[in-house]
Amino acid sequence: MNPEKDFSPLAPSVVRALNDKLYEKRKVAALEIEKLVREFVAQNNAAQIKHVIQILSQEFALSQHPHSRKGGLIGLAACSIALGKDSGLYLKELIEPVLTCFNDADSRLRYYACEALYNIVKVARGSVLPHFNVLFDGLSKLAADPDPNVKSGSELLDRLLKDIVTESNKFDLVGFIPLLRERIYSNNQYARQFIISWILVLESVPDINLLDYLPEILDGLFQILGDNSKEIRKMCEVALGEFLKEIKKNPSSVKFAEMANILVIHCQASDDLIQLTAMCWMREFIQLAGRVMLPYSSGILTAVLPCLSYDDRKKSIKEVANVCNQSLMKLVTPEDDETDEGKPSLNLQTEPKEEGLSQPEGTSSVCLDASSDSNLSGAHVFNVGSSDRLPVTLNLDGIVQVLDCHLHDTATGMMTRIAVLKWLYHLYIKTPRKMFRHTDSIFPILLRTLSDESDEVILKDLEVLAEIASSPAGQTEGQGPCDGPDTRSGQSELHVPVKAGQLSSSGVKVLECSPATPTMNSYFYKFMINLLKRFSTERKLLETRGAFIIRQLCLLLNAENIFHSMADILLREEDLKFASTMVHTLNTILLTSSELFQLRNQLKELKTPESRNLFCCLYRSWCHNPVTTVSLCFLTQNYKHAYDLIQKFGDLEVTVDFLTEVDKLVQLIECPIFTYLRLQLLDVKNNPYLIKALYGLLMLLPQSSAFQLLSHRLQCVPNPELLQTTDSTKAAPGFKKVAAPNIDYVELLQHFERVQNKHLEVRHQRAGRGEPPDRRVIL
């Protein structure tokens, strides 16, 4: 420092003392400066006061010499003390050089800067609030200072500043928020602790409504919640808890929409505490905001659905996610199926980006338009419109895309798959018209889901497919019962041979439906075709789940429709071996399942044209399997025709599989389902063909347990002479069975022969190609 330079009104002795390396001498100089400034205040000499402050600032506090800087700091503090309440007039000049020293490399000097600023602020009190941002910025840096003394000094200053803010009603929150939003993304633990402490203070001040600015800092708070320090995590939990209490108290003033995507992102966090806290917030948002959250449904589902499959290690997250899922589902109502025009609107001030709510192709985690580092301070996920108010609408496209993505993902857990299917079912119930626009895209994956390992998943899947097949919304205008969208070749279509006789009058091939087949809507027959295709390509599915699937469908849909349509499709199936297997499966279900009780009764009597039509339809397909054809005749009490069929068995190739099926039929005859048939054996006179048919089966069987069983049964048939009563000319009315009218049994028998000849021809072709033949028994 130039000793010849004029520092008046500071005396040369004061200048020398300020530059001294000893603290005691600098303190003496500060007392002289305080005395001098007091005199200027008494004289109201503002010019001299400013001149002193300028000298201390420029020539000392900002000097290149460290001792000079220390002298300048203590001198500025002395000026502030001398000014008292008038220090507010000179705060800018007093504070700026001190804050510059916060960046000094010398830790002792940084400590003196803290001390000086503490004295300045202590004197000025509320007058420092216009300069709060620069003070906060400086303190936030010192909070992370490596020197413990500096950190301790900054904590004292921090507490003082908090007291001032708490007792004042002039705090500029609007001006402070941008700085808070910037500083909240610091990765330093001490800086984070400093930020959270200030948020807690501001939350506690009644006159400061920090809730209005929560969207600005919420993302940063969740990131701090993942800090390694337990203390900081706890502080952040407390801050978020206080905010959530305020939200519950004043939901009408909360900007739910602006925070929805922030929660979606953090609901997918790898940190359990962050994820659980975000999920709890999401639960409250959905319950408090209601339909305001609908535009963000696809993002919410992306975050919530995977959590439903968590194990007990994340039980809490799973339970909260389940509540979120259920609450969100309840928000979807039939109103959402109305046309967009004329739909009553519930206004929302924020508009979600279309791409922000849908799952991008090839991604599996976050489906939102977030910045790469999840820092939402620079680029918000949603565009906030200050004046435009848009109606709340269900983003069905985005939801279906998310649901479809989870079904396609083989890693998706069972409970998640069940939840996805429940969502699809719910959407088809509440918004069928709009959902059917997506049916062609989700139909193939619903079919593939039938191969799922879980019975519960399959049950829910069948519910969705049944709703698609039966909903009136699926019957599009101008379409016939089977004119649904084209089935994709190679993926889901069942190829059925078409002959010349199967062309319509216009020459168009009738591949998907028969005019005689009752259908429920445009998708019903398509569903039946694709289900049989699934069974054809996945024989294991047919063996392990085929009966289960068909029985459930008979509960969910019309059993007669199902059997009628499947029989009609199988009648034209090219793979005869599959057709025979499928017919055997259907027949077993028909004869044994409790779900088919009414259908069995309908076929048993053949009283109505519909039942006779159904019998003829089933019969023609059942001809793929000779034994099932006979069992159908037994069920419908067509005993003479059953006998005629058994007579034809002598012309068939008798294989082990054939005899096994005869064995099973004998076992069925002993079951409750055929009680009426066994009772009819008492009326020998009126049921001769029944007895002949049973004897025919007996003659087909080798000496086996089934042979013994049927033989013992037939031995119980009474001698007709012994059963004659005084009124012997009258038959027992309960056993009299009249042949069903309008059924051409001769033509049915000829059809049976034609079908069996095809089977024989195919077996010979397979043998010629060297394929394994059916198991034979040589008689």
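Above this text you will find the structure in question.
One structure accompanies this document, and this report is about it. (Residues numbered from 1 in each chain as written. Predicted model: local features only at pLDDT ≥ 70, side-chain atom pairs only at ≥ 80, totals over all residues. Heavy atoms only, no water.)

For the coordinates displayed, the defined rule picks out 33 salt bridges. Measuring nitrogen to oxygen at the nearest pair gives 3.6 Å for the salt bridge that ties Asp137 to Lys141. Separated by 4 residues within a single helix, Asp137 and Lys141 lie in helix α7 (residues 132–142), roughly one turn from each other. Taking the relative accessible area as the measure of exposure, Lys141 reaches 43% and is therefore partly exposed. Each of the salt bridges in this network shares a partner with another, and the network as a whole consists of Asp137, Lys141, Glu182 and Arg183. (Salt bridge = Lys/Arg side-chain N within 4 Å of Asp/Glu carboxyl O. Helix = DSSP H or I, 4+ residues; strand = E, 2+ residues; numbered from the N terminus. Buried < 20%, exposed > 50% of the residue type's maximum accessible area, 1.4 Å probe, protein only.)

As a further point, take the nonpolar core. Grouped burial of nonpolar side chains is what soluble globular proteins tend to show. Formed by 249 residues in total, the largest nonpolar core has its most connected members in Trp281 and Phe634. When residues in this core are grouped by element, the largest group, 10 residues, is from helix α14 (residues 272–289). Setting aside residues no more than four positions away along its own chain, Phe634 makes contact with Tyr639, Ala642, Leu665, Ile669, Phe674, Tyr676, Leu677, Leu690, Ala693, Leu694 and Leu697. (Core = buried A, V, L, I, M, F, W, Y, C linked by side-chain atoms within 4.5 Å. Contact = heavy atoms within 4.5 Å.)

Next up on the list: the packing of aromatic side chains. Using the criterion set out here, one finds 24 aromatic pairs in the structure. A ring pair is formed by Phe171 and Phe176, whose centres lie 5.7 Å apart and whose planes are at 65 degrees; its orientation type is edge-to-face. Of the two residues examined, Phe171 and Phe176, each falls in the buried class. Look at Phe615 and Tyr619: their rings are 5.9 Å apart centre to centre, the planes differ by 55 degrees, and that puts the pair in the tilted class. Separated by 4 residues within a single helix, Phe615 and Tyr619 lie in helix α27 (residues 609–622), roughly one turn from each other. What makes Phe615 buried here is its relative accessible area of 0%. Under the relative-accessibility criterion, Tyr619 is labelled buried at 0%. (Phe/Tyr/Trp six-rings, centres within 6.5 Å; stacked < 30°, edge-to-face > 60°.)

Between its terminal C-alpha atoms helix α30 (residues 656–669) stretches 20 Å, which fits the 20 Å expected from 14 residues at 1.5 Å a residue. Those residues of α30 that sit buried are Phe658, Leu659, Glu661, Val662, Leu665, Val666, Leu668 and Ile669. Buried residues of α30, viewed axially, fall in a sector of 170 degrees; they line one side. For α30, the secondary structure elements touched by its buried residues are α25 (576–592), α28 (626–635), α31 (675–680), α32 (688–700) and α33 (705–715). (Expected span 1.5 Å × (residues − 1). Arc of directions from axis to C-beta.)

On to the environment of Glu573, then. Examined against the element boundaries, Glu573 turns out to sit in the loop between α24 (559–570) and α25. Residue class for Glu573 comes out buried when judged on its relative accessible area of 8%. Between the C-alpha atom of Glu573 and that of Ser621, which follows or precedes it by 48 residues, the distance is 9.5 Å.

Turning to the side chain of Asp336, a few remarks are in order. With respect to the helices and strands, Asp336 occurs in the loop between α16 (315–330) and β1 (347–348). At 2.7 Å, the side chain of Asp336 and the side chain of Arg291 are in polar contact. (Polar contact = N/O pair within 3.5 Å; in protein donor to acceptor, adjacent residues only side chain to side chain.)

So, about the packing of α27 against helix α34 (residues 745–768). For the pair α27 and α34, the least separation of the axes is 9 Å and the interaxial angle reads 25 degrees. One way to sum up the angle between α27 and α34 is to call them roughly parallel. The interaxial crossing formed by α27 with α34 has right-handed handedness. On α34, the residues touching Phe615, Tyr619 and Arg620 of α27 are Tyr745, Glu747, Leu748, Leu749, His751 and Phe752. Within the contact of α27 with α34, the residues separate by chemical class into 6 nonpolar, 1 polar and 2 charged. (Axes fitted to C-alpha atoms, helices over the stretch in contact; angles between N-to-C directions. Parallel < 35°, antiparallel > 145°, perpendicular 65-115°, else oblique. Left-handed = near helix turned anticlockwise from the far one by under 90°. Nonpolar A, V, L, I, M, F, W, Y, C, P; charged D, E, K, R; others polar.)

This part covers helix α10 (residues 189–204). A rise of 1.5 Å per residue sets the reference length of α10, with its 16 residues, at 22 Å; its end C-alpha atoms lie 23 Å apart and thus fit the reference within 8%. All of the buried residues along α10 are Ala191, Arg192, Phe194, Ile195, Ile196, Ser197, Trp198, Ile199, Val201 and Leu202. Turning to α10, the residues buried within the fold contact α7, α8 (148–167), α9 (173–183), α11 (214–224) and α12 (230–249). Taking the backbone nitrogen of Tyr190 as reference, a side-chain oxygen 2.8 Å away marks Asn188 as the first, capping residue of α10.

Nothing here speaks to function; it is all geometry.
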